[in-house]
Amino acid sequence: MAGRLLNIQGLKVHFKTDDGWVHAVDGVDLSLDAGETLSVVGESGSGKTVTAKTILKLIDMPPGRIMDGSILWQGEDLVPARPERMRDIRSKEIGFIFQEPMTSLNPVYTVGEQIAETVRQHQRISRKAAMERAAEMLSLVHIPNASRRVHDYPHQFSGGMRQRVMIAMALSCDPKLIIADEPTTALDVTIQAQILDLLNEMKERLGMAVLLITHAMGVVAETAQRVIVMYAGQVVEEAPVEALFDRPLHPYTQGLIRSIPRLDLAATEHRRLEAIPGTVPSLLSPPQGCRFAARCGYAIEACRAAPPPLREIAPGRKVACIRAEEIA
Amino acid sequence: MAQYLVRRLLIAIPSLLGISVILFTVLALAPGDPFEELATNPAIPPEVRANLRASLGLDDPVHIRYFAWLTSMLRGEWGFSFVSRIPVDDLILQRLPVTIAVIGASQLVALAIALPVGVYAATRPYSIFDQIANTLAFVGFSLPTFFTGLLFILFFSIYLDWLPFVFRTDIEATGWNWWWQQLRQSIMPIMVLGLFQGAAWTRFVRSAVLDVIRLDHVTTARAKGIPERAVTLRHVVRNAMIPVVTLVALQMPAVFGGAIVTEQIFRVPGIGSLLISAILANDTPVIMAVTFVIAALVVFFNLLADVIYGWLDPRISYR
Amino acid sequence: MAGSIPASAIASPAAAARPRIGPWREAWRRFRKHRLAVASAVVLGTIILAVLIGPLFWSLPIDEIDFTARLEGPSLAHPLGTDDLGQDLLARILYGGRISLAVGFAAMSVAVSVGVLVGAIAGMAGGRLDAALMWLTDLFLSLPQLPLLLLIIYLFRDALTGVVGQELGVFILIVTVIGAFNWMQVARLVRAQFFSLREKEFVEAARALGASRARLVWRHILPNALGPVIVAATIDVAAAIIAESTLSFLGLGFPPDIPTWGRLLFDAKDNLDFAPHWALFPGLAIFLTVVSINFVGDGLRDALDPRRVQ
């Protein structure tokens, strides 16, 4: 396992609130090889964004706290890493793309200045060279008139264009991994496809690994090689993309896939779009056994008694359900 | 930017006119004759008085009187002080530099307190430092300047006997000694005003920084690997200054109010103490002119704040 | 899962009554969390009680001149000392407190009334009238208040005292003028509430049901603006007390024989070196009152202003 680019084991991140500790991430395993695209899917509140931000320690601590686990980055554990070390890793080794392009850029600096700031943080180059690098990055992400637009402010760009700027910024120091946290959620549907295409293109040209956080199964199908499904702060299933869509093992994954609107079927078969009944359990005091049991049609007494372990039932396929073999 | 400036200027002119209308209305509605002084002076014969009234246009209809008054105000023809017989504009020009100096210095003091304290408190919300700073800020702007002024005199002049409590214009010293004496007598008025404003601004800065610190672009800056100090300065404080400028501009009337009180306590010969002595002496032309000058200065500072605002926020010039 | 049924689906009167108590209890819970605000409420209550019923227990007259007891420090006979005429300072401060607090609350009511009126008209009318009223609001915000207060009082004091007597005349004048310079915040709040609520469903519904405009404003919009307005009103009381004290301190407020707190300071300021108590006690009274009002206002903001709650 030492050869992996990123290897997270048993990660627990809890948040202190007035009502008690929220178990936002509660024992997550996740690993990623160089050049690979891994997608993490789940509803809002499943802990996927917290997991992603914890890798770069971008969550607020306090109230957040890493309770347990390790985050091995090229073999080095980042959990005990000092702030100076984290700063070296941020952007230079791991780039981050945020969900909200409209608010993720600072309105008072030009986009060029903001990209150049990143570059100059990690490389000893002149201001002028950094601005040239910024223009170069903008043209790489297909922003027209890049050499002129580096001097524009964020409010002069549309949402999709701003997300391109964010991508350019994340890529500006040639990181080995890009973490994209719901990069298309805030955008129009037509723009979403363009941004995903751009991410795929960048990956092909630059060869970095991508960790794509999303709640949309459609996005997963288009970009990822491997998928991790999270529910209530835990991983419930892990599989290669085709296998997951072919034969989902966990009842929650099955529900997720059934809830994708399918144009081809809708017209002919009158199939109803299925929503998963019920809501995510409170993470203040999560249930003892399987966290999905309350919403699961297959749940039996044993499900509620003890948490189901994440078992590897075929090569590359893991699932946290004791009845997986029966129901899949 | 130029366009934005012109627009702000065009907005400032109606404000100034509005203020002049309010001032004139107050004067016009005032019962009695503002020139009673002349009326009761037996040395002036009635026909001279009537001529004077006619020449001042006191018997014309109200709107004509307003325009006549406004043009003479704008042309700097502010008349003569009833008391000292000196042209009012000379009197004000004599006094204005002192007031501007005291206000300017005290605003620097306020800034020097509010910026570091507000930012430090906001970056550690609900820490001991934050709670103490917040409580002191509340106490600071709940202490009226006239009371802090007296407390300062009581402590520094009477108890410790360190500082003089009467401002003198006739210091008999030269060179460095003159500056030293000047500093000694200015320090209390400046601190009284500065501490009061500093307390109010600390709260503005703190809440503005708190608002900015949770914005997404700050997380972006951290994700870029920028050190926390630089994140705070470049991406938090820089942005938080935008709302602070507006709030500070709104404080300008209060700043001048505080200056009047402070000048009166320490007998600083500025336009504030000029106003009070003019009121106590029923010196109408001086009262009107000083009020108008202070109003114009407030409008001017608001305009200045608009310029700074436009300079701080690149979005503004495109709106 | 009864808890997940939306409250609006339940039609029983008991359930309908619950949310009406809820917000206030919730506000009280939040207010209590602000310890300084609670302490300040106690201090403020004590001050108000003291100036209201204090004179019943401390019956020394405010104007009894006693040259044998001039400029005395605190003693049993005079707990807060005496002034240069040997008048008892405790009695004078208690009496002055009535005036200061009365001015504070009366000026606040003037400010709130004007503010609600201007804000409601602007919010209801919209368009040009709204723009004009907001321009006026901004204009008033940039007026130099103290010089204008001084000017107006200087010009009108004698005329008004001629009509209704000196004390009442000055009181009316000061209250009106201070109120007239402090309504802007309330006007903005009320107007903002109009704009944010105008599109809300329940107002739409009420309008569809044929509620008259006045009724709509009175029953639906103003109660929603209440929280922020109460907070602004609290701060207005403090501002008015400071304004009145400032006027009196400059010797331009109430006539010399009425010992308001500011007037006591004005008289005391030339005797600082041999009678510091004369200035300290009224100054402390102003400070304690103002600081506790400000803290209560801060606590009320936590409790009532939904914009501040996360």
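These numbers were taken from a predicted model, which means no experiment stands behind them. The written sequence of each chain sets the order in which its residues are numbered from 1. Written order decides the labels, with chains lettered from A and ligands numbered from 1. The predicted nature of this model means local features are confined to residues of pLDDT at least 70 and side-chain atom pairs, given and counted, to a pLDDT of 80 or more, with totals for whole chains, interfaces and linings taken over all residues.

### Considering the overall build of chain C
Numbering of helices and strands starts at the N terminus; helices are DSSP runs of H or I of at least 4 residues and strands are runs of E of at least 2. When you go through chain C residue by residue, the secondary structure sums to 11 helices and 0 strands. Beginning at the N terminus, the succession of helices and strands in chain C can be written as α-α-α-α-α-α-α-α-α-α-α. By the burial criterion, 44% of the 310 residues in chain C qualify as buried. Whether two residues are in contact is decided by their C-beta atoms, placed from the backbone, lying within 7 Å. Partitioning the contacts of chain C with sequence separation of at least 6, the portion at a separation of at least 24 is 70%. Residue burial is a threshold on neighbouring C-beta atoms within 10 Å of the residue's own C-beta, all placed from the backbone, with 20 or more meaning buried, 12 or fewer meaning exposed, and counts in between meaning partly exposed.

### A closer look at the interface of chain A and chain B
If you look at the interface, chain A gives 22 residues, while chain B gives 17 residues. Three classes are used: nonpolar for Ala, Val, Leu, Ile, Met, Phe, Trp, Tyr, Cys and Pro, charged for Asp, Glu, Lys and Arg, and polar for all others, with Gly counted as polar. When grouped by side-chain class, the residues that make up the side of chain A that touches chain B number 8 nonpolar, 8 polar and 6 charged.

### Here we look at the packing of helix α5 (residues 88–123) of chain B against helix α11 (residues 252–266) of chain B
All names here are of chain B. Relative orientation of the contacting elements α5 and α11 amounts to 115 degrees, with a least axis distance of 11 Å. If you check the angle between α5 and α11, you find them roughly perpendicular. Crossing of α5 against α11: the hand is right-handed. The segment α5 lies against α11, with Thr 99, Val 102 and Ile 103 engaging Val 255, Ala 259 and Glu 263. Its residues assigned to classes, the contact of α5 with α11 shows 4 nonpolar, 1 polar and 1 charged. Angular values range over 0 to 180 degrees, each being the angle between N-to-C directions of two axes fitted as lines to C-alpha atoms, with helices fitted over their stretch in contact. Small angles under 35 degrees read as roughly parallel and large ones over 145 as roughly antiparallel, with 65 to 115 read as roughly perpendicular and the rest as oblique. If you view the pair so one helix is near and one far, a crossing is left-handed when the near helix is turned anticlockwise from the far one by less than a right angle, and right-handed when it is turned clockwise.

### Things to note about the domain arrangement of chain A
Residue and element names in this part refer to chain A. Domain boundaries shown here were taken from an automatic or database domain assignment. Domain annotation for chain A reports domain 1 (4–93 + 176–262 + 314–327) and domain 2 (101–174). On a C-alpha basis, the centroid separation for the pair domain 1 and domain 2 is 26 Å. On the domain 2 side, the residues contacting the 12 residues of domain 1 number 14 residues. If you tally residues by element for the side of domain 1 that touches domain 2, the top one is helix α7 (residues 189–206), at 6 residues. When the residues that make up the side of domain 1 that touches domain 2 are grouped by side-chain class, the tally is 9 nonpolar, 2 polar and 1 charged.

### Digging into the UniProt feature "domain: ABC transporter" (unreviewed entry) in chain A
UniProt positions are given in the numbering used here, feature names are shortened, and annotations may be inferred rather than shown by experiment. Mapped onto this numbering, the UniProt entry gives "domain: ABC transporter" (unreviewed entry) at residues 8–257 of chain A. The straight-line gap between the two end C-alpha atoms of residues 8–257 of chain A is 26 Å; of that span, 38% is helix and 27% is strand.

### So, the pairing of strand β3 (residues 37–41) of chain A
All names here are of chain A. The buried fraction of β3 amounts to 5 of the 5 residues, a majority that puts the element mostly inside the structure. Pairing analysis gives 5 bridges linking β3 to strand β8 (residues 209–214), with the strands arranged parallel. Within β8, the residue paired with Leu 38 across the bridge is Leu 211. For β3 and strand β9 (residues 226–231), the ladder comprises 4 bridges, and the chain directions are parallel. Note on β9: the bridge partner recorded for Leu 38 is Arg 226. Two strands qualify as a pair provided that DSSP identifies no fewer than 2 bridges between them.

### Looking at the interface of chain B and chain C
In this assembly, 38 residues from chain B lie in contact with 37 residues from chain C. The set of elements that each furnish at least two residues to the side of chain B that touches chain C consists of α1 (2–29), α6 (128–142), α7 (145–159), α11, α12 (271–280) and α13 (284–312) of chain B. Per element, the largest residue contribution to the side of chain B that touches chain C is 8 residues, and it comes from α13(B). Among the residues making up the side of chain B that touches chain C, the classes are represented as 29 nonpolar, 9 polar and no charged.

### Quick notes on α7(B)
Look at α7(B): 20 Å from first C-alpha to last across 15 residues, which is about the 21 Å you get at 1.5 Å a residue. Just beyond α7(B), the residue with positive phi is Asp161(B), at close to 55 degrees. Helix span, expected: 1.5 Å multiplied by one less than the number of residues in the helix.

### Side note on the packing of α5(B) against α6(B)
Residue and element names in this part refer to chain B. Where α5 meets α6, the closest approach of the two axes is 8 Å, and the angle between their N-to-C directions is 135 degrees. By the angle class used here, α5 and α6 are oblique. By crossing handedness, the relation of α5 to α6 is classed as left-handed. On α6, the residues touching Val 117, Tyr 120 and Ala 121 of α5 are Phe 129, Asp 130, Ala 133 and Asn 134.

### Quick word on the UniProt feature "transmembrane region" (unreviewed entry) in chain C
Residues and elements named next belong to chain C. Annotation from UniProt places "transmembrane region" (unreviewed entry) at residues 36–58, 99–121, 133–156, 168–190, 225–254 and 274–297. Between the first and last C-alpha atoms of residues 133–156 the distance is 26 Å; the span itself is 88% helix and 0% strand. Within the segment residues 168–190, helix and strand shares are 87% and 0% respectively, and the terminal C-alpha atoms sit 31 Å apart.

### Some details on the sheet that holds β3(A)
Residues and elements named next belong to chain A. The 8 strands lie next to each other as β6-β7-β8-β3-β9-β10-β12-β11, forming an open sheet whose pairing is mixed. Pairing within the sheet leaves two strands with one partner each, and these edge strands are β6 (94–97) and β11 (311–314). The average undirected angle you get between the axes of adjacent strands in this sheet is 20 degrees.

### Some points on the confidence of the model for chain C
Detailed conclusions should not be drawn from predicted coordinates in areas where pLDDT is low. All names here are of chain C. When pLDDT is averaged along chain C, the result is 79; 83% of the residues meet or exceed 70. Segment residues 1–20: pLDDT under 50, and 3 contacts once partners within four positions in sequence are set aside and those in other chains are kept. Across the predicted assembly, pTM comes out at 0.83 and ipTM at 0.86. The pLDDT value tells you how sure the predictor is about a given residue, anywhere from 0 up to 100.

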